[in-house]
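# Understanding the architecture of this molecule
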Amino acid sequence: YGALYVVATPIGNLEDLSPRAARVLAEAALVAAEDTRHSGRLLRHLGIERPLLSLHEHNEASRVTRIAAHLTAGEDVALISDAGTPLICDPGFVLVRELRRLGHRVVPVPGPCALVAALSAAGLPTDRFLFRGFLPAKGGARRARLDSLVARDETLVFYESPHRIRDTLADIASCFGERHLVLARELTKTFETFLEGSAATLLETLAADPDQARGEFVVMVAGAPPREGEAVTLEGEALLAALLAEG
Ligand code: SAM
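Description of the structure in this document. (Residues numbered from 1 in each chain as written. Predicted model: local features only at pLDDT ≥ 70, side-chain atom pairs only at ≥ 80, totals over all residues.)

### Brief notes about the site of the ligand
The environment of the ligand is made up of 23 residues, and the closest members are Gly84, Ala114, Tyr159, Leu187 and Glu216. Elements that contribute at least two residues to the shell around the ligand include exactly α5 (114-122), β7 (155-160) and β10 (217-221). Considering only residue class, the shell around the ligand consists of 12 nonpolar, six polar and five charged. (Near = placed C-beta within 6 Å. Helix = DSSP H or I, 4+ residues; strand = E, 2+ residues; numbered from the N terminus. Nonpolar A, V, L, I, M, F, W, Y, C, P; charged D, E, K, R; others polar.)

Below is the structure:
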């Protein structure tokens, strides 16, 4: 039996494609891709010529049988998306779930992922974080989602497009006030930038330099600081532990 390889591809810098990813793509009988024209360019750049099959949210379910037939015939299939790791705000979930249900082998080929790249260089706590993908497009729903997250004490991570970054920052300002944010833009690309400050400060920066509102964004919001009561409890616990240790 063959396997489905879930292959991460660059989020901007083509050097980030791993040698293993290149080999797996070159050896696959078929490459399932979100946008076959876009991925065709990547494969050509790598000097790889493999048959491509489009796989996007509207046809994903109907592709399962076809891909399963390749695997049953002993052929490997690779899954890629337009950028980064498939299934992370990209198609592939239904395919992976169904192939696993049918007993097929699914193998990750890890690599670039915008949220991990952003967190790894932002300087916000990463021991616990909450990734919520894209916020709702409509203002009311977006503010409701943000309101529901205000008390969370993990670092919050969102994906955002250039069309909505200002509106999103304005809504974060109204829900989170002075909370600290890090905005990662154009990761691994020529104009990669990390900006930090409150949402209101960042909005001013974007207004002063509209170039800063271009490109792709990962928005990271510091988690809620511990509340008074919790701090006291923690101190209480530490005191108790010290007393117990002294015996
Ligand atoms: N599968 C991808 C991954 O592994 O990160 C994410 C795909 S999602 C459709 C696209 C979003 O990811 C963009 O709107 C942006 O929020 C984020 N993104 C992708 N590439 C990025 C980059 N180079 N810099 C900053 N954000 C990026």
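### Here's the deal with the nonpolar core
One recurring pattern in soluble globular proteins is that nonpolar side chains are buried together. Membership of the largest hydrophobic core comes to 29 residues, with the highest contact counts inside it found for Ala118, Leu181, Ala184, Val218, Val219 and Met220. If you list the elements that add at least two residues to this core, you get α5, β7, α7 (165-176), β8 (181-185), α8 (199-208) and β10. (Core = buried A, V, L, I, M, F, W, Y, C linked by C-beta atoms within 7 Å. Buried ≥ 20, exposed ≤ 12 C-beta atoms within 10 Å, placed from the backbone.)

### Observations concerning the packing of α7 against α8
Between α7 and α8, the shortest axis-to-axis distance is 8 Å and the interhelical angle comes to 155°. Our classification of the angle between α7 and α8 gives roughly antiparallel. Two packed elements cross with a definite hand, and for α7 against α8 that hand is left-handed. For the pair formed by α7 and α8, the contact residues are Arg166, Leu169, Ala170, Ile172, Ala173 and Phe176 on the first element and Ala199, Ala200, Leu202, Leu203 and Leu206 on the second. (Axes fitted to C-alpha atoms, helices over the stretch in contact; angles between N-to-C directions. Parallel < 35°, antiparallel > 145°, perpendicular 65-115°, else oblique. Left-handed = near helix turned anticlockwise from the far one by under 90°. Contact = placed C-beta atoms within 7 Å.)

### Side note on α7
Helix length check: α7 (12 residues) gives 16 Å between terminal C-alpha atoms against 16 Å at 1.5 Å per residue, within 8%. All buried positions along α7 are accounted for by Ile165, Thr168, Leu169, Asp171, Ile172 and Phe176. Buried residues of α7, viewed axially, fall in a sector of 165°; they line one side. Tucked inside the fold, the buried residues of α7 contact α6 (139-147), β7, β8, α8 and β10. Taken from the residues just after α7, Gly177 is the one with a positive phi, measuring 60°. (Expected span 1.5 Å × (residues − 1). Arc of directions from axis to C-beta.)

### Looking at the sheet that holds strand β3 (residues 52-54)
Picture the strands of a sheet paired through backbone hydrogen bonds; they go either parallel or antiparallel. Taken in spatial order, the five strands make up an open sheet running β3-β2-β4-β1-β5, and their pairing is parallel. Two strands lie at the open edges of the sheet, namely β3 and β5 (105-109), each paired on one side alone. Taking the axes of each pair of neighbouring strands and ignoring which way they run, one obtains an average angle of 25° across the sheet. Here three bridges tie strand β2 (residues 30-33) to β3, and the two strands are oriented parallel to one another. Residue pairing in the sheet places Val31 in a bridge with Leu52 of β3. Along the sheet, helix α1 (residues 19-27) makes contact with β1 (3-7), β2, β4 (77-80) and β5, crossing β1 at roughly 140°. (Pairing = 2+ DSSP bridges.)

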